[in-house]
Every structure is written in structure tokens, then in C-alpha cells.
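Residue-level listing of the chains:
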Amino acid sequence: MKTANSEKLFRRARNVLVGGVNSPVRSFAAVGGSPLFVSRAEGSYVYDADGNRFIDYVASWGPLILGHSHPSVVSAVGKRLPLGTSFGAPCELETDLATLIAKHFPSIEKVRLTNSGTEATMSAIRLARAVTAREHIVKFEGCYHGHSDFLLVKSGSGATTFGNPSSAGVPKSFVNRTLLARYNDIDSVKRLFEKHPRKIAGVIIEPVAGNMGVVTPEKNFLKKLRSTCKKHGAVLIFDEVITGFRLARGGAQKLFGVTPDITCLGKIIGGGLPVGAYGASAEIMQMVSPEGPMYQAGTLSGNPLAMAAGIATVKELNPRTYRRLESLTASLVSGIREITAELGIAATVNSVGSMFTVFFTDQKVTDYAGALGCDTAKYARFFRNLLQNGVMFPPSQFESVFVSTAHTKKQVDQTLQAVYASLREISEGE
């Protein structure tokens, strides 16, 4: 595989961009080597600056559920582009997207659009504090909710990839009201409520964790979390930035039958363009300015290009879409499990819907500690071997593989062939 052009571009980028990238995990530091610079993408393929083609399972970290450059999305954005890219004023498309969101998420009556998932979660927590007049927030080890200061405590995603459970530059005073619970451990949540009575404003969680790798909620965990929050008068926040419209048109909350008080969305609702949103009942959302005293704003929030892309994407999703995504993913997951068993490689594959992660461990991965116990060096070799065989998985053990509607059964078979070749090389080298 030729990489000369990507390496040249990386050297140039490092002169003007921190680490040569604009998001840490893109640097390939966790898997070795230099990052590949993508020059174009179409369907389920990405093409790098050296002309190499890869079956893509990163999908821009989740939003491209229809694949790259889907005709409906390209057409929608193309029609809007000549009409203006940003107004700083209301436009009808904002209402159209909000209407679609409210239609599919029964927990949401009103929406506020933002520019990113980080803004959405940050604002949702501010809203929880405003509604309850309390200050403490509970988050779960390994769950990533963006890079706002008070949430960078044992967060997943890039922070875990680089071995930083928190972040430099975050004052202790910013996180002393952030309480940590263990994912899938409802007793750890109950103990926090007992220790801090009437002080916890809300609990924020990825209903399916996607930033310590895919970790699914154990049976009734989310329902118990719902009842615990209700008992103590705390707001339950579902961070569905990844899972919203990914697992179902109503997100993880529909899949698991649990209704949060506030929902955060992103990724898919922008169809590949920057976006975020948070929503709740009309009663809760009336606290937000200009109706209420909780202030939050954004110059580019609800910009017409992102709205057009998001609307076009959501309108393409239907029950048949999800059945196909789940079928393709199930074929991949079962195939990988068969290959690891045949080759005698210790691995567990967590999956839900069109998301999965291959963890190199012989233990079940049900929480952050389990994810941290995986063999990340083996994942790095696996990742590099896959690239050599024309398949792009996420360049981190602690991220999700995403399947799109653009993937085909033939490509799934090709991917499994690449997985077999990649793992056999690892097995023979041990």
C-alpha cells in the first residue's frame, strides 16, 4: 500500500495544525504509523491521497448511516447552497428538522439546535441544573459527552485512547460537582444519591456506550436508572448523539423502552454536516431563553445546509432500512466471532443494531474497567493489517465500527476475508 502522499501531507499539516490533525484520534497515534489523508469518498468507500481504496466502517464516526455522498443528501445540500449558507435568522428548515425529531422521539416536544454534540450535552446539563436548582451531575466512567470541562472526568473516546482519564487545563473546581458511577452498576448510582441527598441535578449517560468501544446496557439497567432518578427528583439525560436515529428512528430510548427527561442528539441529524440538538418536554424546555432564564445561543445553530442534509438523511430511514443494517451487522459480527474462535484468538465482540466493537480480551466487556483491560497493542496490529487488506476500521480500540446502508453483502464477505487474513497474521506471529 502506497502512503507517500499521505505522509507528505501529514508533515505539512504538522507545521500548522496541532499534531497535524483537528481531533486527536485521527492522528493514528494509538495504532501506529501516519494517518491516511482522505481525498474523496463515495458510498461505502473512502479514497486516500495515494489512490488507495478502503471499505469504510468509520462513517465519519457515525453520522453517515446512508454512506458517503448519498444522492438524496447531495441533492438537498446542492439545492440549498446557492440560497445562502447561514443567516443568523430563523429559516423554515429548522422547524422541519425539529418536527421530524419530535415525531420520532416521544420524549421530545421541543428542540433547541446547536452546532455540535458537545454544545448539546453542555446545554442539557445546564438545563438540568436550572430545572432542579441543584448543582451535582452524575456521569459514568468511560462515557464521553464532548469536551466541556466538567465532563472530562474518566471520559472515553480520544481521552481513553491516549491514556488521559481527564484533561490538563481543567480546574478541580470545575469537576468537584461531577460524580462518577460505573456503567451497568445501578448500586453505584444509588450510593451517590445517598451520599449527596437532594444535591444531584441529573444523570447523563450514553444509553449504549460508544466511546469506550460499544458497551450495551445490561437487562433493566436503564429502567432502574430511570426509576432511581425519578425517586430522587433528578433529571435523566440520554446522550444519543451517536445512537439517535442510528439504532432506531426513536434512538436507544425506543429500542430499550426507557424515556429520559432530556435527549441530546447529533451526527445523523446533520447528515454529515456539523450539528447538535437537545430536546425535552415543553415544560422543561420553557426554561430555555428566550422563554426562560437559562441562556444558550449559537450563531450557526440551525444553519440551512446542515438542516437540509439532516432532513434528507432522516427521511431515508424506515423499518426496512434498520432491518437491512442489522442483518449486515449480524453477518459481520458472527463471522468475526467464528474467525477468532477458529484461530484461537481471545476476543469478544459487543454489538447492537449497526454498531459493534472487537475487544481483544477473553472477558466480557460491560464497563470501563473491562474496556481498559483489552489488548490495545493487538488491536493496533489488527487495524494496520486491515488497512493493508483494504478495510478501514476506527483507529482506536475505544470506538465503534459503523455499518451503513451503502455496504453490501459482497463487501461484508470481502471484509470477513480481510479480517481472517489480518488475524491469521497476528495468530502466526504469536
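The structure presented is a predicted model; accordingly, all values stated were derived computationally and were not measured.

Caption draft 1: View of the sheet that holds strand S3 (residues 53-56). Within the open sheet, the four strands sit side by side as S1-S2-S3-S13. Their pairing is mixed. For this open sheet the edge positions go to strand S1 (38-42) and strand S13 (391-392), each flanked by a neighbour on one side alone. When strand S2 (residues 45-48) meets S3, the two strands line up antiparallel, connected through three bridges. Counterpart to tyrosine 45 in the pairing with S3 is isoleucine 55.

Caption draft 2: View of the sheet that holds strand S10 (residues 276-280). With respect to topology, seven strands assemble into an open sheet ordered S4-S10-S9-S8-S7-S5-S6, the strand pairing being mixed. Both edges of this open sheet fall to strand S4 (110-114) and strand S6 (178-181), since each of them pairs with a single strand only. Each strand of the sheet is rotated relative to its neighbour by a mean of 20 degrees, with strand direction disregarded. In terms of strand pairing, strand S8 (residues 235-239) meets strand S9 (residues 262-266) through three bridges, oriented parallel.

Caption draft 3: Here's a closer look at the confidence of the model for the protein. For the protein, the average pLDDT comes to 94, and 94% of its residues sit at 70 or higher. Per-residue pLDDT stays below 50 along residues 158-165; that stretch engages in 20 contacts with residues further than four places along the chain or on separate chains.

Caption draft 4: Representation of the packing of helix H3 (residues 92-104) against helix H11 (residues 304-315) within the structure. In the contact formed by H3 and H11, the axes pass within 9 Å of each other and the chain directions differ by 35 degrees. As for the relative orientation of H3 and H11, their crossing is left-handed in sense. Across the interface between the two elements, Leu93, Glu94, Asp96, Leu97, Leu100 and His104 from H3 touch Pro304, Met307, Ala308, Gly310, Ile311, Val314 and Lys315 from H11. For the contact of H3 with H11, the per-class residue count stands at eight nonpolar, two polar and three charged.

What counts and how
Residues numbered from 1 in each chain as written. Predicted model: local features only at pLDDT ≥ 70, side-chain atom pairs only at ≥ 80, totals over all residues. Heavy atoms only, no water. Pairing = 2+ DSSP bridges. Helix = DSSP H or I, 4+ residues; strand = E, 2+ residues; numbered from the N terminus. Axes fitted to C-alpha atoms, helices over the stretch in contact; angles between N-to-C directions. pLDDT = per-residue confidence, 0-100. Contact = heavy atoms within 4.5 Å. Left-handed = near helix turned anticlockwise from the far one by under 90°. Nonpolar A, V, L, I, M, F, W, Y, C, P; charged D, E, K, R; others polar.

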